[in-house]
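# Structure assessment
Chain by chain, the residues:
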Protein chains: 2
Amino acid sequence: MTNVVIPLYEGVTPLDFTGPYQLLYALEGMNIKLAALGTNEIVADGITFGGLSDLDRIEACDVLLVPGGLGCIAALETPQFLAALQRLALGATYVTSVCTGSLILAAAGLLDKRRAACHWAFRELLATFGAIPDPGRIVRDGNRITGGGVVTGIDFALSLIADLRGEEAAQRAQLLVEYAPNPPFEAGTPETAPKPVLEAVNGRLSSAIAEAERRIAIVAERLRTVR
Amino acid sequence: MTNVVIPLYEGVTPLDFTGPYQLLYALEGMNIKLAALGTNEIVADGITFGGLSDLDRIEACDVLLVPGGLGCIAALETPQFLAALQRLALGATYVTSVCTGSLILAAAGLLDKRRAACHWAFRELLATFGAIPDPGRIVRDGNRITGGGVVTGIDFALSLIADLRGEEAAQRAQLLVEYAPNPPFEAGTPETAPKPVLEAVNGRLSSAIAEAERRIAIVAERLRTVR
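These lines cover the structure that appears in this document, whether it is placed above or below. Bear in mind the structure is a predicted one, so any value in this text is a computation, not a measurement.

What counts, and where the lines are drawn
- Residues numbered from 1 in each chain as written.
- Chains lettered and ligands numbered in written order.
- Predicted model: local features only at pLDDT ≥ 70, side-chain atom pairs only at ≥ 80, totals over all residues.
- Heavy atoms only, no water.
- Least-squares fit on C-alpha atoms with pLDDT ≥ 70 in both.
- Contact = heavy atoms within 4.5 Å.
- Helix = DSSP H or I, 4+ residues; strand = E, 2+ residues; numbered from the N terminus.
- Buried < 20%, exposed > 50% of the residue type's maximum accessible area, 1.4 Å probe, protein only.
- Polar contact = N/O pair within 3.5 Å; in protein donor to acceptor, adjacent residues only side chain to side chain.
- Buried area = accessible area lost by both parts, 1.4 Å probe.
- Salt bridge = Lys/Arg side-chain N within 4 Å of Asp/Glu carboxyl O.
- Nonpolar A, V, L, I, M, F, W, Y, C, P; charged D, E, K, R; others polar.
- Pairing = 2+ DSSP bridges.
- Axes fitted to C-alpha atoms, helices over the stretch in contact; angles between N-to-C directions.

Turning our attention to the relation of the copies chain B and chain A. The operation relating chain B to chain A is a screw motion whose rotation component is 180°, with 0.0 Å of axial translation and a residual RMSD of 0.0 Å. In the structure described here, the two chain copies are related by an operation that fits a two-fold rotation axis. Across chain B, the rotation axis passes nearest the C-alpha of Phe49(B), at a separation of 2.5 Å. Most of the interface of chain B is mirrored in chain A, where 100% of its interface residues are also at the interface.

Okay, structure coming up:
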């Protein structure tokens, strides 16, 4: 049995974890727990996720998978949340994240001097916590596997499954969910998106990025004093 | 405001709708409702979705988006569920589905003599209800837009967004969720998957397909008598 724990929090991005969840769920012998601190229900982008496990009561896991979302900032400002991740990471075979989930891992001190992926717009913030921002879509450094933004989690999951159960298991999961992508547009990265598209998205995210920078600097300073 | 209704049921596949949901949610002016019949909570592949709207109380929508999953058979055996879809489809600008959601639309008489996509393993069952199975990943026939299996829903959603709001809006959503797929394996379709992988997945699905065939034949016969 492979035990996977996915810690959720208010403002997590649903697709960051429902993508990987669906692929991992396709395997035999998986025990995947969605968990949260002090609540069994989380609202994320308008979707209510219920029946969550109590993060503090989960003793151990083989895979820790931290999803991202704009709520990651509040999550990494919560010492009890970081402590739960540190505790679970100690015994985990793989410590992983999707999207801005890597900022949470980094704030928990779990990516010190390690290369890590992140959503493209928030990637450089990793350095504030001593991690090394990497533009890769799936970045491996020791037993840390981090994926890029949101949908990147699907490729990340296939790669993780290949590690856990071999390439054929990953291919079976891929066929089951008919993952043969053929996007009608080529706008998925800042490098390929048409300039007006990039400018619009940067404009939309600019206040969120500025706010994240400000709050992350405070957390990083507090952690430097403590550690 | 664009009103989207996503009818859920026990045994729906989470990624069938969380993929499209996340992309649609990236747009301004969207009102996306997850709904169900007679319950505000659905458990799907181990994930509890709460806070659902009452499907029977939703008056109208612009986009009806029916996800698939193994529970689609029980859903299409439920006359009240089909009636709700027929009612909403009447006023909808787009009547759509992902994966085996097209079997439900077909059972509701909403794909008569129309081409439609479906999960590859269940596609031929569309013909039992008078729809025309189409191997395309995104199939358009009039205002019906149907997507193939599970992850195909992401490409489907980009295509739908281009219709609703133009190509640039679709590209902005694509960049926001960093959708630049690069699967580590080429096993997402029966045509590209290695033979042992296809055989294993066919083996795993064979009883579900046989069961679906049996039950769908009964529903189709009953509908022929009624209509």
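Looking now at the side chain of Ser102(A). All names here are of chain A. Within the secondary structure layout, Ser 102 lies in helix 4 (residues 101-107). Judged by relative accessible area, Ser 102 falls into the buried class, the value being 0%. Looking at Ser 102, its side chain comes within polar contact range of the main-chain oxygen of Ala 117, at 2.7 Å. Excluding anything up to four places from it in sequence, Ser 102 contacts Ser 97, Leu 111, Ala 117, Cys 118, Leu 126 and Thr 146.

Here we take up the interface of chain B and chain A. Contacts between the two partners involve 63 residues from chain B and, on the opposite side, 63 residues from chain A. Between chain B and chain A lies a buried interface of about 5400 Å² when both sides are counted; carbon and sulfur atoms form 65% of it. Per-residue buried area on chain B facing chain A is highest for Leu175(B), Glu178(B) and Phe185(B); these three make up 15% of the total on that side. Where chain B packs against chain A, one counts 0 salt bridges. Counting every contact that joins chain B to chain A gives 31 residue pairs in polar contact (both at pLDDT 80 or more). Those elements that provide at least two residues to the side of chain B that touches chain A are helix 1 (14-25), strand 4 (47-50), helix 5 (152-165), helix 6 (167-176) and helix 7 (195-226) of chain B. Of all the elements, helix 6 of chain B adds the most residues to the side of chain B that touches chain A, at 8 residues. Residue composition of the side of chain B that touches chain A, grouped by class: 35 nonpolar, 18 polar and 10 charged. Bridging between strand 4 (residues 47-50) of chain A and strand 4 of chain B involves 3 bridges; their strand directions are antiparallel. Residue Gly50(A) lies in a different strand from strand 4 of chain B, and its bridge partner there is Thr48(B).

For the coordinates displayed, the defined rule picks out 22 salt bridges over all chains. Here Glu168(B) ties to Arg172(B) by a salt bridge, and the two come within 3.7 Å at their closest N and O atoms. Of this pair, Glu168(B) and Arg172(B) both sit in helix 6, 4 residues apart, which is roughly one turn of that helix. You can call Glu168(B) partly exposed: its relative accessible area is 39%. With a closest N to O distance of 3.8 Å, Lys195(B) and Glu199(B) form a salt bridge. You can see Lys195(B) and its partner Glu199(B) sitting in helix 7, 4 residues apart, about one turn around the helix. Because the salt bridges share partners, they merge into one network encompassing Glu77(A), Glu211(A), Arg214(A) and Arg215(A).

With that settled, consider the sheet that holds strand 3 (residues 42-44) of chain A. The strand order across the open sheet built from 4 strands is 3(A)-4(A)-4(B)-3(B), with neighbouring strands paired in antiparallel fashion. At either margin of the open sheet sits one strand with a lone partner, and together these are strand 3 of chain A together with strand 3 (42-44) of chain B. Averaged over neighbouring strand pairs, the angle between their axes works out to 35° when direction is ignored. Relative to strand 4 of chain A, strand 3 of chain A runs antiparallel, the two being bridged by 3 bridges. When the bridges of strand 4 of chain A are listed, Val43(A) appears paired with Thr48(A). Here helix 1 of chain B sits on the sheet in contact with strand 4 of chain A together with strand 3 and strand 4 of chain B, set at roughly 50° to strand 4 of chain B.

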